[in-house]
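Tertiary structure, described
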Amino acid sequence: MSEEVKILAIESSCDETAASVVVNGRKVLSNVISSQIALHTLYGGVVPEIASRKHIERINQVIEEALLQANTTLEEVDAIAVTYGPGLVGALLVGVAEAKALAYGAGKPLVGVHHIEGHICANYIENLDLEPPFMCLVISGGHTHLVNVTGYGAYEILGRTRDDAAGEAFDKVARAIGLGYPGGPKIEAKAKEGDPQAIAFPRAKVADGPYDFSFSGLKSAVLNYINGCRMKDEPYNEADIAASFQQAVSDVLVEHAMRAAEEHGVKKFAIAGGVASNQTLRKAFEEACKEKGIAFYHPSPIFCTDNAAMIGVVGYYEYIAGVRSGLDLNAIPNLKLGER
Ligand code: KG4
Ligand code: ZN
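The next subject is the environment of Leu253. By the secondary structure assignment, Leu253 is in helix α9 (residues 238-263). Note on Leu253: relative accessible area 0%, which makes it buried. As for Leu253 and Ala99, which are separated by 154 residues in sequence, their C-alpha atoms are 36 Å apart. Contacts of Leu253, omitting those with residues within four sequence positions, involve Leu137, Ile139, Thr144, Phe213, Phe215, Leu281 and Phe285.

See the structure below:
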């Protein structure tokens, strides 16, 4: 093995076709993302079959571009890492089939990677001092997980959402107030013009799960508020709704996560996933961690939303731990964190 371990990583679990070359799990040589957002915006959300079709159209060019930008070739990489779950099955299959073909053709080892593990490990890219153990709150479109990262590849889930994921709540509320897809960035932009204290939306607790989350009540409260205004023929302020909703999500996430961090005596706390790119949320965590003397970590927005660099990071740590996937690797749409 050469001193430098170079991983070519592929990610296609949802609506981004992405490829990246990562050295030694920390240095990103290229990070190419072909987004389908404009296409899915026409339908108000991700259409799985369209996502798969676009992946198969673009994946070869995206990989070529990633190798080119990294000034390397397929022959020079040590292994090929690919997301094999969780995600949309048809979308995952494109990346998995591509990675298998490349691994077989070039005679390279194949490493299957868990998408959520990728989100968590995105924190390693820009924080070279960050090593386990730390606590991480994963807030994406499909997942809300509070996780103790006890080692590389070792996770203990402390809490999760009982219903909607945090990002899903952003997307649904955005649709309800007519902002469209993708909801998160649109709510964040709209909220800048609004008053976060204008409407008292609920901050839900889950009775038998101190670290669990629930967002469906909050989503219903927003819908009820809008319907109430409509029935009374009263105007409603979209910016105030967006700001008050965002504040409610932020309060719940920060409160639950910080309580868990204190109770577990953690010294390092990280956020990850698409929702972690939200600036209001990031600032709230920054302040809460500072107050408690906990070091706070977060990826840059480009490494929060789906990308292949984060898959390359996990791929590296798995590769050096001796993990290899067979050419029978399959997509697992509901793959659980910590499972193989
Ligand atoms: O991690 P991600 O890119 O994909 C999944 O693995 O799900 O997360 C996408 C989610 C979407 O629900 C999107 O609305 C949300 O992240 N999101 C945001 C922001 N940017 C993306 N939510 C709040 N504020 C943002 N700025
Ligand atoms: Zn994701």
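Okay, the sheet that holds strand β6 (residues 134-139) next. Strand order across the open sheet formed by five strands is β8-β7-β6-β9-β10, with mixed pairing between neighbours. Edge positions in the open sheet fall to β8 (154-160) and β10 (295-297), since each of these has one partner strand only. Neighbouring strand axes in the sheet, compared pairwise and without regard to direction, differ in orientation by 25° on average. As paired elements, β6 and strand β9 (residues 268-272) share four bridges and run parallel to each other. Residue pairing for β9: Cys136 is matched across the bridge by Ala270.

Turning our attention to the coordination of the zinc ion (ligand 2). In this structure, His115 (NE2), His119 (NE2) and Asp306 (OD) serve as the protein donors to the zinc ion (ligand 2), at separations of 2.0 to 2.1 Å. Taken together, the four donor atoms coordinating the zinc ion (ligand 2) and their angles of 96 to 128° define a geometry best described as tetrahedral. Mapped onto the sequence, the donors of the zinc ion (ligand 2) take the spacing H-x3-H-x186-D. Remark: Asp306 occurs in the loop between α11 (301-304) and α12 (309-320) and His115 occurs in helix α4 (residues 115-121); sequence separation between them is 191 residues. There is no split in this pair, since His115 and Asp306 are both buried.

Let us look at the site of ligand 1. Near ligand 1 lie 19 residues; those nearest to it are Gly141, Asp171, Gly184, Glu188 and Gly274. Within the backbone of Gly184, an N or O atom sits 2.9 Å from an oxygen atom of ligand 1. Here ligand 1 has 550 Å² of accessible area as a free molecule, and 88% of this is covered by the chains. Among the elements of the structure, α4, α6 (166-176) and α7 (183-191) are those that each provide at least two residues to the shell around ligand 1. Residue classes in the shell around ligand 1 are distributed as four nonpolar, twelve polar and three charged.

Here the focus is the nonpolar core. Nonpolar side chains tend toward joint burial in soluble globular proteins. If you look at the biggest cluster of nonpolar residues, it comprises 48 residues, and the most contacted ones within it are Leu146, Phe245, Phe269 and Phe285. Of all the secondary structure elements, the ones that give two or more residues to this core are β6, α6, α7, α8 (216-231), α9, β9 and α10 (279-292). It is α9 that contributes the most residues to this core, 13 residues altogether. Apart from residues lying up to four places away in sequence, Leu146 is in contact with Met135, Cys136, Leu137, Glu156, Ile157, Leu158, Gly159, Tyr211, Phe213, Ala257, Ala260 and Phe269. Of all hydrophobic cores here, the second largest spans 36 residues; its members include Val5, Val113, Val149 and Tyr155.

Procedures and definitions
Residues numbered from 1 in each chain as written. Chains lettered and ligands numbered in written order. Predicted model: local features only at pLDDT ≥ 70, side-chain atom pairs only at ≥ 80, totals over all residues. Heavy atoms only, no water. Helix = DSSP H or I, 4+ residues; strand = E, 2+ residues; numbered from the N terminus. Buried < 20%, exposed > 50% of the residue type's maximum accessible area, 1.4 Å probe, protein only. Contact = heavy atoms within 4.5 Å. Pairing = 2+ DSSP bridges. Axes fitted to C-alpha atoms, helices over the stretch in contact; angles between N-to-C directions. Donors = N, O, S within 2.8 Å, 3.2 Å for Na, K, Ca; no water. Tetrahedral: all angles 85-135°; square planar, octahedral: opposite > 155°, others 65-115°. Near = heavy atom within 4 Å. Polar contact = N/O pair within 3.5 Å; in protein donor to acceptor, adjacent residues only side chain to side chain. Areas by Shrake-Rupley, 256 points an atom, 1.4 Å probe, with all protein chains shown as cover. Nonpolar A, V, L, I, M, F, W, Y, C, P; charged D, E, K, R; others polar. Core = buried A, V, L, I, M, F, W, Y, C linked by side-chain atoms within 4.5 Å.

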